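A closer look at the structure
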Amino acid sequence: MKSKHKTFLLIDGVINLILGIILLLFPAGIVGLLGLPYTNTNFYPVILGAVLFGIGIALLIERYGALKNIQGLGLGGAIAINMCGAGVLLVWLLVAPFDIPIRGHIILWSIAIIVLIVGFAEIIAKTWRY
């Protein structure tokens, strides 16, 4: 596996793990702190946290499991997830803006742009090819 492939897997995996842990442990607190839209339940933030955490684990398995012939989520899958997530969030921000504080808009735009940049960087680097 190429060095840049390993680097992207590590970066993408760690980002997903961190976001997943934060959403799993502090769904209501994070929503308020960041100024994001409230829901009447913590179900969706916790489920999203679990999915992100699982994606992070799968990426790290792909990164570190190759020596033991264990496969996780490759960068092709990570690119699809990043582009879909960022794309939907960007469309939502442009078409149906939230009634949230400015810090919420800054956080959501930042997340969308960062995830989109990571996805494009992975595509440009063609890291999913050996």
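Counting of residues starts from 1 at the beginning of each chain's written sequence and follows it residue by residue. Selection of residues for local features in this predicted model requires a pLDDT of at least 70, selection of side-chain atom pairs for listing and counting requires 80 or more, and totals for whole chains, interfaces and linings are taken over all residues. The side-chain figures draw on all heavy atoms in the structure; neither hydrogens nor water molecules are used.

**As for the overall build of the chain**
Numbering goes from the N terminus for both helices and strands, where a helix is a DSSP run of H or I of at least four residues and a strand is a run of E of at least two. For the chain, the count of helices and strands is five helices and zero strands. Reading the helices (α) and strands (β) of the chain from amino to carboxyl end gives α-α-α-α-α. Relative to the compact-globule value of 14 Å for 130 residues, the chain shows a C-alpha radius of gyration of 16 Å, a close match. The C-alpha extent of the chain, read off along each of the three principal axes, is 45 × 30 × 15 Å. Across the 130 residues of the chain, 35% fall into the buried class. Contacts between residues were defined by any pair of non-hydrogen atoms, one from each residue, lying within 4.5 Å. A sequence separation of at least 24 residues applies to 70% of the contacts in the chain between residues at least 6 apart. Only the C-alpha atoms count toward the radius of gyration. The rule for a globule is 2.2 Å times the residue count to the power 0.38. For every residue, the accessible area obtained with a 1.4 Å probe (protein chains only) is divided by the maximum for its type, and the residue is called buried under 20%, exposed over 50%, and partly exposed between those limits.

**Let's talk about the environment of Leu52**
Within the fold, Leu52 resides in helix α3 (residues 43-64). Leu52 gets classed as buried once you look at its relative accessible area, which sits at 15%. C-alpha of Leu52 to C-alpha of Gly77: the two residues are 25 residues apart in sequence and 13 Å apart in space. Once residues within four sequence positions are removed from consideration, Leu52 is found in contact with Asn16, Leu17, Leu19, Gly20 and Leu23.

**Points about helix α2 (residues 27-34)**
Along α2, the residues classified as buried are Pro27, Ile30, Val31 and Gly32. Against α1 (3-25), α3 and α5 (102-125) lie the buried residues of α2. Backbone geometry just after α2 places Gly35 at a positive phi near 75°.

**Observations concerning the layout of surface pockets**
Cavities and pockets are defined on a 1 Å grid built over the protein atoms alone: a cavity is a set of grid points where a 1.4 Å probe fits but cannot escape, while a pocket is an open set with protein on both sides within 12 Å along at least five of seven lines, and lining residues are those with an atom within 4 Å of any such point. Grid points are joined across faces, edges and corners, and a volume is the space filled by probe spheres set on the points. Taken as a whole, the largest pocket spans an internal volume of roughly 1,200 Å³. Around the largest pocket, the lining comprises 34 residues; the ones closest to its centre are Leu23, Leu48, Leu52, Leu89 and Ile111. It is α5 that contributes the most residues to the lining of the largest pocket, eight residues altogether. Each residue belonging to the lining of the largest pocket can be placed in one class, and the counts come to 28 nonpolar, five polar and one charged. The residue classification treats Ala, Val, Leu, Ile, Met, Phe, Trp, Tyr, Cys and Pro as nonpolar and Asp, Glu, Lys and Arg as charged. All others, Gly included, are polar.

**Brief notes about the side chain of Asn16**
Structurally, Asn16 can be placed in helix α1. A relative accessible area of 6% means that Asn16 is categorised as buried. Beyond its immediate stretch of four places on either side in the chain, Asn16 contacts Leu52, Phe53, Ile55, Gly56 and Leu59.

**As for the packing of α1 against helix α4 (residues 75-95)**
The angle between two axes is taken between their N-to-C directions and runs from 0 to 180 degrees, where each axis is a line fitted to C-alpha atoms and a helix contributes only its stretch in contact. Packing of α1 against α4 leaves a shortest axis separation of 11 Å and a crossing angle of 45°. Compared by their axis directions, α1 and α4 come out oblique. Crossing handedness for the pair α1 and α4: left-handed. Contacts between α1 and α4 pair His5, Phe8, Leu9 and Asp12 from the former with Leu75, Ala78 and Asn82 from the latter. Taken together, the residues of the contact of α1 with α4 sort by class into four nonpolar, two polar and one charged. Relative orientations are named as follows: roughly parallel for angles under 35 degrees, roughly antiparallel for angles over 145 degrees, roughly perpendicular for angles from 65 to 115 degrees, and oblique for any other angle. Take the far helix as the reference: if the near one is turned anticlockwise from it by less than a right angle, the crossing is left-handed, and if turned clockwise, right-handed.

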